[in-house]
Protein chains: 2
Amino acid sequence: MNRIAKTRHAVSRRGIIAGTVAAAAALAAKPRLGEAEGAGGEALTVPPWETQPGAPVLAAPYGAPSPFEKTVVRRPRAHVEVKSDLSSIGLTPLQNLDGIITPSGLHYERHHAGVPAIDPEAHRLVVHGLVKRPLIFTMDDLARFPTVSRLHFLECSGNTQNWTAGKPDWTVQDTHGLLSCSEWTGVKLSTILDEVGIDRSAKWILAEGADAASMTRSVPIEKALDDALLVYAQNGERLRPEQGYPVRLLLPGFEGNVSVKWLRRLKIGAAPFETREETSKYTGLLPNGKARQFAFIMEAKSVITRPSGGLKLSQPGFHEITGLAWSGRGKVARVDVSVDGGKSWHAARLQEPVLDKCLTRFRFPWRWDGGPATLQSRAIDSTGYVQPTRDQLVAARGMQSYYHYNGIQSWSVAAGGAVSYAA
Amino acid sequence: MNRIAKTRHAVSRRGIIAGTVAAAAALAAKPRLGEAEGAGGEALTVPPWETQPGAPVLAAPYGAPSPFEKTVVRRPRAHVEVKSDLSSIGLTPLQNLDGIITPSGLHYERHHAGVPAIDPEAHRLVVHGLVKRPLIFTMDDLARFPTVSRLHFLECSGNTQNWTAGKPDWTVQDTHGLLSCSEWTGVKLSTILDEVGIDRSAKWILAEGADAASMTRSVPIEKALDDALLVYAQNGERLRPEQGYPVRLLLPGFEGNVSVKWLRRLKIGAAPFETREETSKYTGLLPNGKARQFAFIMEAKSVITRPSGGLKLSQPGFHEITGLAWSGRGKVARVDVSVDGGKSWHAARLQEPVLDKCLTRFRFPWRWDGGPATLQSRAIDSTGYVQPTRDQLVAARGMQSYYHYNGIQSWSVAAGGAVSYAA
């Protein structure tokens, strides 16, 4: 790990940007303003939308983005063949997003048998196994319990397939788009376990989804009694169908797959249930031939979202480098940014609030000199863990670990300003 | 102000809820489970959505709520005649929401000439008047500046029309639905003012929208240099058209109307501009015949969102009382809840994070005895200001103050569980 450089890039914003903007003012034509006095004001033209009534109020009782934003959507990963439209992915367009909240319409998708259309009145959740009182809950039953709300990221363990070389035109949506963040509301799982009364021998919980895959995973009892939630709301409103409507498990900081969507069953047991999704899938084959199983936690990671692959720097001068950092073990303590491919590092500014197991937005002011550059970020979390380089990660895990890639991402800036994937 | 009762309602959840839920389990029929052993498990039926593939992944590149949530939409205020569909309102369904984020599709609407359809490539923002360098900014220009993200509420000063008696069937959407909360991202207004170089005589700024109303308001320079933002993103994505796409002013804690949407012009001046919206409108007529002008700040306020008007308590026993509190002057310091019409008060639990000029979710555990009850909440902010009763508010402001109603809201619970508006 390189030492943090003491010097920061000194960036004087004024002059750089003002020069550009003033030129824009000089080019404007057709003077008009309500008050026809100011020098700048006189150059402002009257756009067509100011000359006619707009769309009626409540034209959209439930609103949608501007038609000018129609390219900001979830997509499959470029250059990866889609073999099934039921067991597949849809990636969040991180390059287009700001802040830390992911709009629910753009939350990433990863399903194993498509998205079920569940009637919440008919949905049931059973909790049984090593319990005193096996119970079946309706959604109304769940709504009776005390609630909590928390902002947490969700990341698929299959996010970021940089084990082998990626494609030069990959965007951050392609590399990191199985990552989203929401405000989740629901009931603590510990509250429900208290209600059914778990046995002292309880060590693992089987969580089963109500989709056609009957998606099942085993959850350690320690996590269930810690910060696990049964979630029915996301960013204020009820869960979206793609995120598990009407109720899902949410295990903050764990690989997304274990936060079982469309939750229909929790079975309390004394040992892991060794389901397909934790034996043949969602394990990591190590160089010694053994596999990492139940490697639940998403380790600290970060990525620069702008500038990033597929974008273009318009001109030399000031540019804000911004991105996201997160850790399944706690809070982000620091993010470092490098513009020279990791030779020197500079502390980025973290946007408050910095929350537990939540995306953290970082920013770094940069003066681009117009020449080639390699942009990188690395996250350090509250446990002191440092996001590894690709080489460090491969040395530890080998090349067969399909899941849990959290190496440092590089974006290459060419002399003309084009930004592209650089592993 | 009543003294805070030292005793809290002792609420034992178990038993109350478990009794109900267990009964539900006994009623279930058609046993089946993957593993046919558990007592509770055997009672779980197989729903149709688990027997067939779901909707394909990426069926909706930009997602939408479940069809079962189609009644959760913005609405006009019940019993208030809609005289214009261009200058009107759409209210946020607070009774259906959880947490503090308002989904952007449900953010309240209040427009004066409908919603313009603005091409961001053609949009311009001019900053002129008492400045060294009048400038016209494109959206690309604005995107070059350093950014910040913050969570803030927005409330229309016309929210909560309880000056006179409301309607018995008014919901919290009717009474408080001109209130929403988002994560906003943009450029500090002070950064842009630094870029144009404001004159020492600058005291007020005229903000003008690019809608057909050319909505204009005057902003004090102190606010502009404090926490004012030029915002282009909301809850991660670009602003929705109804919230000012492609760029709006955001003045945290101020009445919503001054946070001019579709912002096209900022003119720096030495005095307020006395526009229509701050002379004939958006002032408050006091009992002495004078009017409050430029009463920008939304004072501390709170409301119980569940249980609230139009909802029904299903049965006696445990119920969580939950709602929202906010203050235009800072953070929410405390929220008190009363279940006996203000005779006794109990401190509610505040959901972290509690942020500056942001909605704060509060919760209070309540054991309903099945009899009549009157539910109230009152907010106390970080300045020590206490949300007034309706009587206190009317004593200070009289009955002609159309705007800025922040009195304590009562919900009446009848013996059968029906909840209704009670001023």
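You'll find the structure just up there.
Caption draft 1: Expanded view of the overall build of chain A. If you tally the helices and strands in chain A, you get seven helices and 23 strands. The buried share of chain A, reckoned over its 423 residues, is 61%. Considering only contacts within chain A whose residues lie at least 6 apart along the sequence, 72% involve residues at least 24 apart. Carbon and sulfur atoms provide 54% of the accessible area of chain A, an area that totals close to 15,100 Å².

Caption draft 2: Structural context of helix α7 (residues 390-397) of chain B. Residue and element names in this part refer to chain B. Taken residue by residue, α7 has L393, V394 and R397 as its buried positions. When α7 is viewed along its axis, its buried side chains cluster within an angular range of 95° and face the same direction. Of the exposed residues in α7, the ones pointing more than 90 degrees away from its buried face are D391, A395 and A396. Looking at the buried positions of α7, the neighbouring elements they touch are β13 (284-285) and β14 (291-292). Downstream of α7 by a residue or two, G398 has a phi angle that is positive, lying close to 75°.

Caption draft 3: Looking closely at the side chain of T322 of chain A. All names here are of chain A. Relative to the helices and strands, T322 is located in strand β16 (residues 317-326). In terms of polar contacts, T322 uses its side chain to reach the side chain of R361, at 3.2 Å. Of the polar contacts made by the side chain of T322, one reaches the backbone oxygen of F362; its length is 2.9 Å. With residues near it in sequence (within four places) discarded, T322 still touches I304, T305, R306, R361, F362 and R363.

Caption draft 4: Up close: unusual backbone geometry. Residues and elements named next belong to chain A. In the segment running from R306 into P307, the intervening peptide bond is cis, with an omega of -5°. Mapped onto the elements, P307 comes out in the loop between β15 (301-306) and β16. Note the cis peptide between E352 and P353, where omega equals -5°. Relative to the helices and strands, P353 resides in the loop between β19 (349-350) and β20 (360-368). With phi around 65°, L58 is a residue other than glycine that occupies positive phi space. Within the element layout of this structure, L58 appears in the loop between α2 (39-42) and β1 (88-90). According to the relative accessible area criterion, L58 is buried, its value standing at 19%.

Caption draft 5: Seen up close, the relation of the copies chain A and chain B. Mapping chain A onto chain B calls for a rotation angle of 180° and an axial translation of 0.0 Å; the resulting RMSD is 0.0 Å. This pairing of chains is accounted for by a two-fold axis. Of the interface residues in chain A, 100% have counterparts in chain B that sit at the interface too, so the contact is made through matching surfaces.

Caption draft 6: Highlighting the interface of chain A and chain B. The interface is formed by 130 residues belonging to chain A together with 130 residues belonging to chain B. Summed over both partners, the interface of chain A with chain B buries about 10,300 Å², with 57% contributed by carbon and sulfur atoms. The largest per-residue losses of area from chain A upon contact with chain B belong to W49, V57 and R144 of chain A, which jointly make up 9% of the total buried on that side. For the pair chain A and chain B, the interface holds two salt bridges. Taking the shortest distance from any N to any O, the salt bridge between R264 of chain B and E50 of chain A comes out at 2.7 Å. Counting every contact that joins chain A to chain B gives 42 residue pairs in polar contact (both at pLDDT 80 or more).

Caption draft 7: Inspection of the pairing of strand β8 (residues 216-220) of chain A at higher detail. Residues and elements named next belong to chain A. Within β8, five of the five residues are buried, which leaves it mostly tucked inside the rest of the structure. Strand direction decides the pairing type here: strand β7 (residues 204-209) and β8, joined by five bridges, are antiparallel. Note on β8: the bridge partner recorded for E208 is T216. Joining the antiparallel neighbours β7 and β8 is a turn of six residues, in which S214 adopts a positive phi near 40°.

Caption draft 8: Seen up close, the sheet that holds strand β22 (residues 410-413) of chain A. Residue and element names in this part refer to chain A. On the basis of which strands lie adjacent, the open sheet formed by five strands has the order β18-β17-β21-β22-β23 and antiparallel pairing. If you trace the sheet from one side to the other, it starts and ends with β18 (346-347) and β23 (419-421), each paired once. Of the strand pairs in this sheet, strand β17 (residues 332-338) and strand β21 (residues 373-381) are connected by six bridges, and their pairing is antiparallel. Its bridge partner lying in β21, D336 is registered against R378.

Caption draft 9: Structural context of helix α5 (residues 189-196) of chain A. All names here are of chain A. In terms of burial, α5 is a largely internal element, six of the eight residues being buried. Those residues of α5 lying buried are L189, T191, I192, L193, E195 and V196. G197, located one to two residues past α5, shows a positive phi value of around 75°.

Caption draft 10: Quick look at the sheet that holds strand β12 (residues 263-269) of chain B. All names here are of chain B. Read from one edge to the other, the open sheet built from five strands follows the order β4-β3-β12-β7-β8, with strand pairing classed as mixed. The strands lining the two open edges of the sheet, one partner per strand, are β4 (135-137) and β8 (216-220). The average undirected angle you get between the axes of adjacent strands in this sheet is 20°.

Caption draft 11: Representation of the packing of aromatic side chains within the structure. A full pass over the atoms with the stated rule returns 20 aromatic pairs over all chains. Pairing F254 of chain B with F296 of chain B gives two aromatic rings, centres 4.8 Å apart and planes at 5°, and the pair type is stacked. Highlighted residues: F254 of chain B in the loop between β11 (248-250) and β12 and F296 of chain B in the loop between β14 and β15 (301-306), separated in sequence by 42 residues. Each member of the pair, F254 of chain B together with F296 of chain B, is buried. Taken together, the ring pairs in this structure connect W204, F254, F294 and F296 of chain A into an aromatic cluster.

Caption draft 12: Examining the side chain of H111 of chain A more closely. Assignment of secondary structure puts H111 of chain A in strand β2 (residues 109-111). Judged by its relative accessible area of 1%, H111 of chain A falls in the buried class. At 2.9 Å, the side chain of H111 of chain A and the side chain of E109 of chain A are in polar contact. Residues contacting H111 of chain A, with those up to four places away along its chain left out, are L86, S87, S88, E242, K261 and W262 of chain A together with V57 of chain B.

Caption draft 13: Representation of the environment of G416 of chain B within the structure. All names here are of chain B. With respect to the helices and strands, the residue G416 is situated in the loop between β22 (410-413) and β23 (419-421). The spatial distance from the C-alpha of G416 to the C-alpha of R306 is 16 Å, given a sequence separation of 110 residues. Those residues in contact with G416 that lie beyond four places of it in its chain are K312, L313 and W368.

Caption draft 14: Molecular detail of the state of the cysteines. The full count for this structure, using the stated rule, is zero disulfides over all chains. Of all cysteine sulfurs in the structure, the one in C358 of chain A sits closest to C181 of chain A, which takes part in no disulfide; the separation is 3.7 Å. Judged by relative accessible area, which is 0%, C181 of chain A ranks as buried. Not part of a disulfide, C156 of chain B finds its nearest cysteine sulfur in C181 of chain B, a span of 16 Å.

Caption draft 15: Up close: the pairing of β15 of chain B. Residues and elements named next belong to chain B. The buried count for β15 comes to five of six residues, which makes it a mostly enclosed element. Judged from the five bridges that link them, β15 and strand β16 (residues 317-326) form a sheet pairing that is antiparallel. Each bridged residue has a counterpart across the sheet, and for R306 the counterpart in β16 is T322.

Rules used throughout
- Residues numbered from 1 in each chain as written.
- Chains lettered and ligands numbered in written order.
- Predicted model: local features only at pLDDT ≥ 70, side-chain atom pairs only at ≥ 80, totals over all residues.
- Heavy atoms only, no water.
- Helix = DSSP H or I, 4+ residues; strand = E, 2+ residues; numbered from the N terminus.
- Buried < 20%, exposed > 50% of the residue type's maximum accessible area, 1.4 Å probe, protein only.
- Contact = heavy atoms within 4.5 Å.
- Areas by Shrake-Rupley, 256 points an atom, 1.4 Å probe, with all protein chains shown as cover.
- Arc of directions from axis to C-beta.
- Polar contact = N/O pair within 3.5 Å; in protein donor to acceptor, adjacent residues only side chain to side chain.
- Least-squares fit on C-alpha atoms with pLDDT ≥ 70 in both.
- Buried area = accessible area lost by both parts, 1.4 Å probe.
- Salt bridge = Lys/Arg side-chain N within 4 Å of Asp/Glu carboxyl O.
- Pairing = 2+ DSSP bridges.
- Axes fitted to C-alpha atoms, helices over the stretch in contact; angles between N-to-C directions.
- Phe/Tyr/Trp six-rings, centres within 6.5 Å; stacked < 30°, edge-to-face > 60°.
- Disulfide = S-S within 2.5 Å.

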